[in-house]
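Breakdown of the fold
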Amino acid sequence: MAVSIKPLADRVIIAPAAAEEKTKSGIIIPDTAKEKPQRGEVVAVGEGKVADNGTLVKPSVSVGDQVLYGKYAGTEITVDGQDYLIMRESDIFAIL
Amino acid sequence: MAVSIKPLADRVIIAPAAAEEKTKSGIIIPDTAKEKPQRGEVVAVGEGKVADNGTLVKPSVSVGDQVLYGKYAGTEITVDGQDYLIMRESDIFAIL
Amino acid sequence: MAVSIKPLADRVIIAPAAAEEKTKSGIIIPDTAKEKPQRGEVVAVGEGKVADNGTLVKPSVSVGDQVLYGKYAGTEITVDGQDYLIMRESDIFAIL
Amino acid sequence: MAVSIKPLADRVIIAPAAAEEKTKSGIIIPDTAKEKPQRGEVVAVGEGKVADNGTLVKPSVSVGDQVLYGKYAGTEITVDGQDYLIMRESDIFAIL
Amino acid sequence: MAVSIKPLADRVIIAPAAAEEKTKSGIIIPDTAKEKPQRGEVVAVGEGKVADNGTLVKPSVSVGDQVLYGKYAGTEITVDGQDYLIMRESDIFAIL
Amino acid sequence: MAVSIKPLADRVIIAPAAAEEKTKSGIIIPDTAKEKPQRGEVVAVGEGKVADNGTLVKPSVSVGDQVLYGKYAGTEITVDGQDYLIMRESDIFAIL
Amino acid sequence: MAVSIKPLADRVIIAPAAAEEKTKSGIIIPDTAKEKPQRGEVVAVGEGKVADNGTLVKPSVSVGDQVLYGKYAGTEITVDGQDYLIMRESDIFAIL
């Protein structure tokens, strides 16, 4: 899964994991009660950030990585009917 | 499409994409209800930003690029009766 | 048009363009309803800003340039009965 | 005890120490009254932070260290049913 | 006009110009209605600011310069019964 | 007096001086009215702070120093039943 | 007049000048109406501040200097029954 968008600088595009549709005990969760997921798959990565001394710091995540990010990280964008999150690499906590 | 304005430093002038005039099902959307578009075409680019060590960091977008930007990014300006947005390159999320 | 004031550092003095006195259809606009113009002519330019590493970054606008600036940019000053705006060069968006 | 998550940059994953279940005099503390512990064990460490001049500053804590951190430090994450805290190394006060 | 005070770093001491005592048409303005002047004469200048790389950036104003400054710039001090303003050089807009 | 905790970076652990139990005239001060002391003894010192250029800036206080610090400086921690304050070295005003 | 306290970094200890006890016309001013003085004598000086590039910037005031400082500058400390102000050197405006 990859998208044709090219994020600028140290930005990353993430396809959020689908929210759980059922509780563990099998009860179906209505849309409004679904918890916003905090993990997703990286689908596009920018070229990196220009450091203060002019060198380019390459991102440390790659397309395909499963990542963990903050609850309010990023901005929602819609490309070809799909919802993605675009955020700075520093908003990503960890690679799973 | 290009304009004769020369943005300073790392500023970029963007012609916002026209807002949708109809919903998918064909209902005409009145002007006030139209969602402010978040994509547009770059029509002018500044020379770049001077880094802390004095070197010029060239912008990574070019005239003609279709770009994605934040909902509240930039300042509206009117040149020859046309509405544009002028923003810093760092307000641009991605190139489509 | 130039003034004998020498702005310090990266400051620029601008003579704002006169506000429109009439609407397009010819109605005269009273003084209080006139929109504050956002374009003007550069009448004096400072020597530039000293960068962190001690080098002088020369301004990129010159006396006589027609410029575009933000609605709330600068401070109003009065010199010899004339009203000017004094602002930092970074408050100028673009050269027309 | 270690987890398979790879924190980015200068982030650290910590398994908080279990909250006291009893007071010193033996009274069982209900869940809601338990004080949030401020010590825990480091279970994963990022590769370090890129300094302004581009060099990598290695973290000074290691997996297995018992650490002390601020009451509101970090973000809670759940991995394989276990609760962890993910925080920046600078949020850690001391190694016990 | 010069004072024996030695301002530290990039500070400057200014003797504000006397506020107008009469309107142009000759009406005497009471003390409370007098507009706080925004121009004055430099009476003492510090040695300059130490830049991030340790070099001294010399001030660009000199004792005797007539300067323009912001309405709320500086702190009022009283030396030998005289009122002065002490401000950073960056609070000065321009030399007249 | 020293503790076995190793503070990270430029952090310092301080054993606050005991609050006065009596007023000068001999009246016993109840616990709640005791003024929080602002002096104490350094019991542990971190290795120092990594400067922007990557060099380590050693702390200028040592274990055993009697120091003066701000009223609201630091975070209270309890180690082996003893109360300490952990703060950054920059929160310390002076060595007595 | 000097104290045995060693201020850290760019901190300075100042003995504030005594507040005026009488008005010019000889009326005695009660304690609560006395204006907090803004001048004093430097009684102790730190070793200086470590600049970003690791070099030590020596303070430019010395013990014995009469200085002028802001109304709300510094923190009050009491050493051997005497009241002093401890502040950063940058809070000092000028040497008298």
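Residues numbered from 1 in each chain as written. Chains lettered and ligands numbered in written order. Predicted model: local features only at pLDDT ≥ 70, side-chain atom pairs only at ≥ 80, totals over all residues. Heavy atoms only, no water.

Points about the overall build of chain A
- When you go through chain A residue by residue, the secondary structure sums to 0 helices and 9 strands.
- Overall, chain A shows an N-to-C arrangement of helices and strands of β-β-β-β-β-β-β-β-β.
- Burial analysis of chain A (96 residues in total) assigns 39% to the buried set.
- A separation of at least 24 residues holds for 61% of the contacts in chain A among residues at least 6 apart in sequence. (Helix = DSSP H or I, 4+ residues; strand = E, 2+ residues; numbered from the N terminus. Buried < 20%, exposed > 50% of the residue type's maximum accessible area, 1.4 Å probe, protein only. Contact = heavy atoms within 4.5 Å.)

Regarding the interface of chain E and chain C
- Contacts between the two partners involve 14 residues from chain E, matched on the other side by 14 residues from chain C.
- Across the interface of chain E and chain C, roughly 1100 Å² is buried in total on both sides, 61% from carbon and sulfur atoms.
- Three residues stand out in chain E for area buried against chain C, namely Leu68, Phe93 and Ile95 of chain E, and they jointly supply 42% of the buried area on that side.
- Our count for the contact surface shared by chain E and chain C stands at 4 residue pairs in polar contact (both at pLDDT 80 or more). (Buried area = accessible area lost by both parts, 1.4 Å probe. Polar contact = N/O pair within 3.5 Å; in protein donor to acceptor, adjacent residues only side chain to side chain.)

Description of the sheet that holds strand 3 (residues 39–45) of chain G
- The strand order across the open sheet formed by 7 strands is 1(E)-9(G)-6(G)-3(G)-2(G)-8(G)-7(G), and the pairing between neighbours is antiparallel. For this open sheet the edge positions go to strand 1 (6–7) of chain E together with strand 7 (75–79) of chain G, each flanked by a neighbour on one side alone. (Pairing = 2+ DSSP bridges.)

Points about the relation of the copies chain E and chain C
- Its rotation angle being 52°, the transformation that places chain E on chain C also includes 0.0 Å of axial translation and leaves an RMSD of 0.1 Å.
- An overlap of only 14% is found between the interface residues of chain E and their copies at the interface of chain C, pointing to separate contact surfaces. (Least-squares fit on C-alpha atoms with pLDDT ≥ 70 in both.)

Digging into the pairing of strand 3 (residues 39–45) of chain B
Residue and element names in this part refer to chain B.
- The buried fraction of strand 3 is high, at 5 of 7 residues.
- In terms of strand pairing, strand 2 (residues 11–16) meets strand 3 through 5 bridges, oriented antiparallel. Considered in strand 3, the bridge of Ile13 is made with Ala44.
- Of the strand pairs in this sheet, strand 3 and strand 6 (residues 66–69) are connected by 3 bridges, and their pairing is antiparallel. Paired with Gly40 across the strands is Val67, a residue of strand 6.

Comments concerning the sheet that holds strand 7 (residues 75–79) of chain B
- Pairing within the open sheet is antiparallel, and its 7 strands lie in the order 1(A)-9(B)-6(B)-3(B)-2(B)-8(B)-7(B). At either end of the open sheet lies a strand with only one pairing partner, and these are strand 1 (6–7) of chain A together with strand 7 of chain B.
- Relative to strand 9 (residues 92–95) of chain B, strand 1 of chain A is paired through 2 bridges, and the arrangement is antiparallel. Each residue of the ladder has a partner; that of Lys6 of chain A, found in strand 9 of chain B, is Ile95 of chain B.

What about unusual backbone geometry?
- The backbone of Ala9 of chain D sits at a positive phi, close to 50°, despite the residue not being glycine.
- Structurally, Ala9 of chain D is set in the loop between strand 1 (6–7) and strand 2 (11–16).

Quick look at the environment of Ala44 of chain C
All names here are of chain C.
- Mapped onto the secondary structure, Ala44 falls in strand 3 (residues 39–45).
- The class for Ala44 is buried, based on a relative accessible area of 4%.
- Look past the residues within four positions of Ala44 in its chain and what remains in contact with it is Val3, Ile5, Pro7, Val12, Ile13 and Val63.

Topic: the interface of chain B and chain A
- Each partner contributes residues to the interface: chain B has 14 residues there, and chain A has 14 residues.
- Here chain B meets chain A over a buried area of about 1100 Å², counting both sides, of which 61% is carbon and sulfur.
- At the boundary of chain B and chain A, one finds 0 salt bridges.
- If you tally residues by element for the side of chain B that touches chain A, the top one is strand 9 of chain B, at 4 residues.
- Among the residues forming the side of chain B that touches chain A, the class breakdown is 9 nonpolar, 3 polar and 2 charged. (Salt bridge = Lys/Arg side-chain N within 4 Å of Asp/Glu carboxyl O. Nonpolar A, V, L, I, M, F, W, Y, C, P; charged D, E, K, R; others polar.)

Observations regarding the side chain of Arg11 of chain B
- Mapped onto the elements of the fold, Arg11 of chain B is located in strand 2.
- Engagement of the side chain of Arg11 of chain B in a polar contact is seen with the backbone oxygen of Ile92 of chain C, the distance being 3.0 Å.
- Excluding residues that lie within four positions of it along the chain, Arg11 of chain B makes contacts with Val45, Gly46, Ile86, Met87 and Arg88 of chain B together with Ser90, Ile92 and Phe93 of chain C.

Details of the pattern of salt bridges
Residues and elements named next belong to chain A.
- Overall, the coordinates contain 7 salt bridges over all chains when judged by the stated rule.
- Between Asp10 and Arg88 there is a salt bridge, with the nearest N and O atoms lying 2.7 Å from each other. Remark: Arg88 occurs in strand 8 (residues 82–88) and Asp10 occurs in the loop between strand 1 and strand 2 (11–16); sequence separation between them is 78 residues.
- Residue classification places Asp10 among the buried residues on the basis of a relative accessible area of 9%.

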